[in-house]
Amino acid sequence: MELETIQFDEQGLVPTVVQDHATGDVLMVAWMNAESLARTLQTGETWFWSRSRSELWNKGASSGNRQRVVELRLDCDGDTLLVRVHRDGPACHTGEDSCFYRPLAGPTPHANGSSQIVAATAARERTVSVVDVESMEVGILLNDLSTLIRLREAERPENSYTTYLFNSGLDKILKKVGEEATETVIAAKNGSSRELTSELADLFYHLLVLMVERGIGLTDVCRELAGRAGRRPDPKYGVTAREN
């Protein structure tokens, strides 16, 4: 994140979303100014600006419910921060884990077509709940593995295979990706689910090493996949046309 690209508002503030690194839950929304952001970066804990008290405050300084920073991200417009944290306790002053603990009921469907609306909503909620749980678990695992690979790339510990790959350079990493892709194809042809799963795991790992080597994050790939969502197959050009 390039600090000079942050778009502070006329009061010198930027809204900041705090997210639990382990679960992906949104914990709270607060405000940062340049000084609180600097302290956050220096201390590794979240610091904010209180608009009501006109002063800096360190989350958990009095309650002990501190938030240890894992990652800071800037949105596409540069006017909102996302801070991913490990938390030592509840985020909300009420004692709830998240400030967003109160469900907000939607409007009651009109009689005309209400059954179709309710049915469609229920079906959508069932689909989203399954996808969210699965993607959350997979996302956490992949993110943790990617973080470990980034640490290996930065620290280069001895007797580490990941260190060996980074020290060997891009050509070696590309060669391994190619080898693992080929072995994955062979395993798929052999028909053994266990063998295929093992080869896929090797391929995933080497792809993550390649991504770190080339400076591409998991969110970059997810953003690209999200951009393709809703496209319908075009028999002539492939998956290029987008549903309206």
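Everything quoted here is computed from the prediction, not taken from an experiment. (Residues numbered from 1 in each chain as written. Predicted model: local features only at pLDDT ≥ 70, side-chain atom pairs only at ≥ 80, totals over all residues. Heavy atoms only, no water.)

Enquirer: Which residues make up unusual backbone geometry, and what values go with them?
Expert: Backbone geometry follows two general trends: most residues other than glycine have a negative phi, and most peptide bonds adopt the trans configuration. Positive phi, normally seen in glycine, also occurs at S54, with a value near 55°. Looking at the secondary structure, you find S54 in the loop between β3 (47–50) and β4 (55–58). Even without a glycine there, the phi angle at N159 is positive, about 60°. Its place among the elements puts N159 in the loop between α2 (114–155) and α3 (161–168). (Helix = DSSP H or I, 4+ residues; strand = E, 2+ residues; numbered from the N terminus.)

Enquirer: Explain the side chain of Q19 to me, using residue names and the numbers behind them.
Expert: Checked against the element boundaries, Q19 lands in strand β1 (residues 14–20). Polar contacts involving the side chain of Q19 include one to the side chain of R84, which spans 3.5 Å. What Q19 contacts, discounting residues up to four positions off in sequence, is G24, D25, V26, L27, L82, V83, R84 and V85. (Polar contact = N/O pair within 3.5 Å; in protein donor to acceptor, adjacent residues only side chain to side chain. Contact = heavy atoms within 4.5 Å.)

Enquirer: An account of the packing of α3 against helix α5 (residues 193–213) is requested, with residue identities and associated values reported.
Expert: What describes two packed helices is the angle between their axes and the distance between those same axes. Closest axis-to-axis distance for the α3/α5 pair is 11 Å, and the angle between their directions is 45°. When the axis of α3 is compared with that of α5, the two are oblique. The chirality of how α3 crosses α5 is right-handed. Residue-level contacts link Y161, T162, L165 and F166 of α3 to Y205, H206, V209, V212 and E213 of α5. Of the residues belonging to the contact of α3 with α5, the class tally is 6 nonpolar, 2 polar and 1 charged. (Axes fitted to C-alpha atoms, helices over the stretch in contact; angles between N-to-C directions. Parallel < 35°, antiparallel > 145°, perpendicular 65-115°, else oblique. Left-handed = near helix turned anticlockwise from the far one by under 90°. Nonpolar A, V, L, I, M, F, W, Y, C, P; charged D, E, K, R; others polar.)

Enquirer: Go over the pairing of β1, please, and point to the residues and values.
Expert: Look at any regular strand and the pattern is simple: side chains alternate between the two faces of the sheet. A large share of β1 lies buried, amounting to 5 of its 7 residues. Sheet analysis places β1 next to strand β2 (residues 26–32), joined by 6 bridges and oriented antiparallel. Bridge pairing in β2 links Q19 to V26. What sits between β1 and β2 in their antiparallel hairpin is a turn of 5 residues, with G24 showing a positive phi close to 85°. (Buried < 20%, exposed > 50% of the residue type's maximum accessible area, 1.4 Å probe, protein only. Pairing = 2+ DSSP bridges.)

Enquirer: Break down the sheet that holds β1 for me, with residues and values.
Expert: Spatial ordering of the open sheet is given by β2-β1-β6-β5, a layout of 4 strands whose pairing is mixed. Each of the sheet's edge strands pairs with one partner strand only, and the pair in question is β2 and β5 (67–74). Ignoring which end each strand starts from, the neighbouring axes of this sheet average 25° apart. With 7 bridges connecting them, β5 and strand β6 (residues 81–87) associate as antiparallel partners. Following the sheet pairing, L72 is matched in β6 by V83.

Enquirer: Any details on the environment of H21? Residues and values, ideally.
Expert: The residue H21 is located in the loop between β1 and β2 in this model. Residues H21 and N143 lie 122 residues apart in sequence; the distance between their C-alpha atoms is 9.5 Å. In this structure the side chain of H21 is engaged in a polar contact, spanning 3.4 Å, whose partner is the side chain of R84.

Enquirer: Now, about the nonpolar core: what can you tell me, with residues and values included?
Expert: Grouped together as the largest cluster of nonpolar side chains are 14 residues, with contacts concentrated most on V18, L27, M28, M32, L37, F48 and L81. Secondary-structure elements contributing two or more residues to this core are β1, β2 and β6. Counting residues per element, this core draws most heavily on β2, which supplies 4 residues. Grouped together as the second largest cluster of nonpolar side chains are 12 residues, F166, Y205, L210 and M211 included. (Core = buried A, V, L, I, M, F, W, Y, C linked by side-chain atoms within 4.5 Å.)

Enquirer: Tell me about the pattern of salt bridges, and name the residues and values.
Expert: With the rule as written, the count across this model stands at 12 salt bridges. With a shortest N-O distance of 3.5 Å, R87 and D97 are connected by a salt bridge. One end of the pair, R87, is in strand β6; the other, D97, is in the loop between β6 and α2, with 10 residues separating them in the sequence. Residue R87 is classed as partly exposed on the basis of its relative accessible area, which comes to 27%. Judged by relative accessible area, D97 falls into the partly exposed class, the value being 43%. We note a salt bridge from K176 to E180, for which the minimum N-O separation is 3.8 Å. Separated by 4 residues within a single helix, K176 and E180 lie in helix α4 (residues 170–190), roughly one turn from each other. (Salt bridge = Lys/Arg side-chain N within 4 Å of Asp/Glu carboxyl O.)

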